[in-house]
Amino acid sequence: KPLEEFLKTIILMIAEKEEEARTYGGKKKKKSDDGKLLYKLRHMRDVLQRWKIGGLNRKLQIKPQKWNETVGEDGNVVIKCTEVELILKWGGNLTRLGEKQAINLGQRIRHELYPDAPGGGILRLHSTFRHDLKIKTSDEGRVMKTAAAGAKGLLELEGEIPPILVSLVHKEKDSIHMLDPSGNKEVKRELEICKKKINENLQRDVDFDKTSVEEHEQIVGPVELTSIHTALREVKNPRKALFAIRAVVGELLEQLDEMLGLLTSCDESNPEGTDREGGESGALSAVHIKLYKGETLLELTERWRLLYRKFYDEDTDTFDLSRVPDVHDNVRFDMLHNPHLGLTETLVKLYNMAKTMADCVVPQEYGTTVIEKRSIGQKMCRLLLDKIKYDLIIARTDDQVDMRYMINMEYSADLPINTMGRRVRTRLYFTSESHLHTLLNVLRFTYNDPRSSSSILSKRGRDLVDRTPELC
């Protein structure tokens with residue numbers, strides 16, 4: 001497998017670097033770049049060796065960064081890549097809770113979007129090969145598993161997720177470009193501009209109650225984006241809120257370090273880890289604390305320590321606002337999957353603060369003004385919007401008979417089916433959160449003026465989106 005070969009290469013490079021350091025340690029001045037490279041190599045080795053290589057939990061990407069143009073002997077221009085960026089992704093597994101939510105979503109789609117007929121409805125059509133179903137996803141393992149879990153609920157299937165994924169979920173080249181436009185340089189530039197604006201606007205030391213509506217619009221966009229302004233009102237002072245979040249993360253780290261100290265000393269007063277009265281002290285006395293997905297307490301602590309370091313730069317006295325969603329995601333994960341650590345009070349306090357701040361930050365990552373939201377949305381979702389438009393046109397105008405989804409009428413007398421010619425065409429697309437944000441922006445803002453009443457969405461639909469913090 002490619003990842004196994006990559007791991008062998010990494011181990012060989014580490015051995016070479018370590019041997020070089022031993023051989024020339026006293027004679028050759030060590031470069032700081034060599035130390036950074038060795039650290040990255042060891043990190044990649046640890047990630048690849050942590051679990052058995054297989055499945056969808058790790059991915060290796062190579063992205064070209066620099067190019068060189070030369071003229072060949074035949075006079076033609078030859079373009080060669082001179083520098084690449086190597087990206088190793090891991091984690092991002094679909095949790096049991098996420099799988100259950102996807103199954104419930106599939107069940108809701110079956111009951112609410114299709115006639116729930118006494119004879120079986122969509123399930124009967126599917127079992128008699130009259131259901132033209134295609135499920136397409138981006139190239140993310142978590143998204144693919146979510147699609148498979150959704151199909152399980154939609155079609156009331158039994159068994160594990162992997163066989164359903166292989167048989168029903170399509171990951172074609174065209175679908176990947178349509179559902180994951182990560183290589184779009186034009187979009188990347190606009191997203192970087194938005195990120196810069198967010199970092200400038202949401203680090204202001206200003207109080208919501210003492211500023212005008214115009215100043216609020218400078219910070220979080222038009223007042224018509226109701227939920228963002230509601231979140232800013234709850235934040236009150238963005239800069240003070242950021243310092244408060246950092247303080248609580250520091251408090252959480254102190255508690256985790258204290259737990260690690262107890263574990264490393266093996267807690268001689270209670271070696272068996274039996275539960276004592278008081279609850280939390282009993283949990284701390286366990287020598288082996290089991291965390292979700294095999295994560296160790298040390299890894300959990302380092303995860304939070306890394307976030308703490310990257311969240312605020314003391315030298316420049318600035319926050320990295322792109323870390324706010326990371327804080328929100330991490331605290332939500334630990335609240336849901338590691339509640340037995342006895343840190344609930346601190347985690348709840350941190351969650352409430354990070355959630356409100358994330359409601360200000362996340363929607364603006366895809367445009368701080370209506371014009372930016374439309375521009376980014378059009379570039380990111382054009383292929384998907386074209387495909388949805390094509391699907392709708394075909395659904396309304398296609399009167400041709402596709403024999404793959406029709407019953408052989410020669411056997412109609414033997415089949416207890418009322419409507420022989422009935423068939424259903426279903427297209428489901430599973431993609432990332434960023435795609436959903438940009439898609440909704442395009443549907444909401446058909447004109448550059450946010451006050452315009454013209455929209456593909458109904459007034460009820462627009463009001464629903466405007467009031468939803470995660471979407472606005």
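Residue numbers run consecutively from 1 along every chain, following the written order of its sequence. Side-chain atom pairs in this predicted model are given and counted only at pLDDT of 80 or more, local residue features only at pLDDT of at least 70, and totals for whole chains, interfaces and linings cover all residues. Side-chain figures throughout are based on the complete set of non-hydrogen atoms in the structure, without hydrogens or water.

Some points on the packing of helix H10 (residues 226–235) against helix H15 (residues 344–361)
Stage number 1. Two elements in contact, H10 and H15, have axes whose closest approach is 8 Å; the angle formed by their N-to-C orientations is 140 degrees. With respect to each other, H10 and H15 are oriented oblique. When the axes of H10 and H15 are compared, the crossing they make is left-handed. Contacts between H10 and H15 involve Ile228, Ala231, Leu232, Glu234 and Val235 from the first element and Thr356, Met357, Asp359 and Cys360 from the second. Every axis in this analysis is a line fitted to C-alpha atoms, fitted for helices over the stretch in contact. Angles between the N-to-C directions lie between 0 and 180 degrees. For helices the rule is a DSSP run of H or I covering at least 4 residues; for strands it is a run of E covering at least 2, with both sets numbered from the N terminus onward. Any angle that falls under 35 degrees is termed roughly parallel, while one over 145 is termed roughly antiparallel, one within 65 to 115 roughly perpendicular, and all others oblique. Two helices cross in a left-handed way if the nearer one is turned anticlockwise from the farther one by less than a right angle. They cross in a right-handed way if the turn is clockwise. Here a residue-residue contact requires only that any non-hydrogen atoms of the pair lie within 4.5 Å.

Considerations on the nonpolar core
Stage number 1. Here, the term nonpolar core denotes a set of buried Ala, Val, Leu, Ile, Met, Phe, Trp, Tyr and Cys residues that are joined through side-chain atoms within 4.5 Å. Buried residues are those whose accessible area, probed at 1.4 Å on protein chains only, stays under 20% of the maximum for their type, while exposed residues exceed 50% and partly exposed ones sit between those limits. Formed by 47 residues in total, the largest nonpolar core has its most connected members in Leu202, Leu297, Trp304, Leu321, Leu350 and Met357.
Stage number 2. Among the elements of the structure, helix H9 (213–220), H10, helix H11 (238–264), helix H13 (297–311), helix H14 (324–337) and H15 are those that each provide at least two residues to this core.
Stage number 3. Per-element tally for this core: the top contributor is H11, with 11 residues.
Stage number 4. Setting aside its immediate chain neighbours within four residues, Met357 contacts Leu202, Val235, Pro238, Ala241, Leu242, Ile245, Leu321 and Val324.
Stage number 5. Among the nonpolar cores identified, the runner-up in size contains 23 residues, and Tyr114, Met144, Leu155 and Phe430 belong to it.

Digging into unusual backbone geometry
The phi torsion of most residues other than glycine is negative, and most of the peptide bonds are trans.
Stage number 1. A positive phi angle is found at Lys236, which is not glycine, with a value near 70 degrees.
Stage number 2. As for its position among the elements, Lys236 is in the loop between H10 and H11.
Stage number 3. Even without glycine at this site, Asp317 takes up a positive phi of about 55 degrees.
Stage number 4. Tracing the backbone through its elements, the reader meets Asp317 in the loop between strand S5 (312–313) and strand S6 (318–319).
Stage number 5. When its relative accessible area of 37% is taken as the criterion, Asp317 is described as partly exposed.

A word on empty space enclosed by the protein
Stage number 1. Both cavities and pockets are sets of points on a 1 Å grid over the protein atoms alone; in a cavity a 1.4 Å probe fits but cannot get out, in a pocket the set is open with protein on both sides within 12 Å along at least five of seven lines, and lining residues sit with an atom within 4 Å of a point. Grid points are joined across faces, edges and corners, and a volume is the space filled by probe spheres set on the points. For the structure shown, the criterion picks out 2 cavities of 30 Å³ or more.
Stage number 2. When its volume is computed, the largest cavity comes out at roughly 50 Å³.
Stage number 3. What lines the largest cavity is simply Leu252, Leu256, Leu300, Trp304, Asp334, Asn338, Leu341, Leu343 and Leu347.
Stage number 4. The computed volume of the second largest cavity comes to approximately 30 Å³.
Stage number 5. Residues are grouped as follows: nonpolar covers Ala, Val, Leu, Ile, Met, Phe, Trp, Tyr, Cys and Pro; charged covers Asp, Glu, Lys and Arg; every other residue, Gly included, is treated as polar. The residue makeup of the lining of the second largest cavity, split by class, is 5 nonpolar, 2 polar and 2 charged.

Considering the pattern of salt bridges
Stage number 1. Any carboxyl oxygen of Asp or Glu that lies within 4 Å of a side-chain nitrogen of Lys or Arg is treated as forming a salt bridge with it. The full count for this structure, using the stated rule, is 23 salt bridges.
Stage number 2. Where Asp132 meets Arg427, a salt bridge forms, and the shortest distance between an N and an O atom there is 3.2 Å. Taken together, the residues Asp132 in strand S3 (residues 131–137) and Arg427 in strand S7 (residues 424–430) connect sequence positions 295 residues apart. The same class applies to Asp132 as to Arg427, namely buried.
Stage number 3. Linking Lys459 and Asp463 is a salt bridge whose minimum nitrogen-to-oxygen distance equals 3.0 Å. Here the residue Lys459 and the residue Asp463 both occupy positions in helix H18 (residues 459–466), the gap between them amounting to 4 residues, near one helical turn.
Stage number 4. What makes Lys459 exposed here is its relative accessible area of 64%.
Stage number 5. Taken together, the shared-partner salt bridges connect Asp132, Lys134, Arg425 and Arg427 into one network.

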